[in-house]
Amino acid sequence: MDHEEKLPRYRVLTGPDDATFCWRVSEMLDLGYELHGSPSVTFNGDRVIVAQALVRPQ
């Protein structure tokens, strides 16, 4: 079983809206995931939090 077969087909990444979050999404795109829908954004009273769903086509 190679690395790609171990990856889930669906992921939701969440975190502060910063460069680290963007890099995490970029890494998933490099692994073959595609964005699924628009990002969600909320404010937790301290900072902006984002969520992005991704799917990996079979």
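Below or above, wherever it landed, is the structure these notes cover. Small disclaimer: the values here were computed from a predicted structure and weren't measured.

### Here's the deal with helix α2 (residues 19-30)
An ideal rise of 1.5 Å per residue puts 16 Å on 12 residues; α2 measures up with 16 Å between its terminal C-alpha atoms. Within the span of α2, buried status applies to Phe 21, Val 25 and Met 28. The buried residues of α2 occupy an angular sector of 55 degrees when projected down its axis, which confines them to one face. Among the exposed residues of α2, those pointing more than 90 degrees away from its buried face are Thr 20, Trp 23 and Asp 30. Packing partners of the buried residues in α2 comprise β1 (10-16), β2 (34-35) and β4 (48-55).

### Overview of the side chain of Gln 52
With respect to the helices, strands and loops of the structure, Gln 52 is situated in strand β4. Given a relative accessible area of 5%, Gln 52 falls into the buried group. Engagement of the side chain of Gln 52 in a polar contact is seen with the backbone oxygen of Gly 37, the distance being 3.2 Å. When neighbours within four sequence positions are excluded, Gln 52 is seen to be in contact with Arg 11, Val 12, Leu 13, Phe 21, Val 25, Leu 35, His 36, Gly 37, Ser 38 and Pro 39.

The rules behind each value
Residues numbered from 1 in each chain as written. Predicted model: local features only at pLDDT ≥ 70, side-chain atom pairs only at ≥ 80, totals over all residues. Heavy atoms only, no water. Helix = DSSP H or I, 4+ residues; strand = E, 2+ residues; numbered from the N terminus. Expected span 1.5 Å × (residues − 1). Buried < 20%, exposed > 50% of the residue type's maximum accessible area, 1.4 Å probe, protein only. Arc of directions from axis to C-beta. Contact = heavy atoms within 4.5 Å. Polar contact = N/O pair within 3.5 Å; in protein donor to acceptor, adjacent residues only side chain to side chain.

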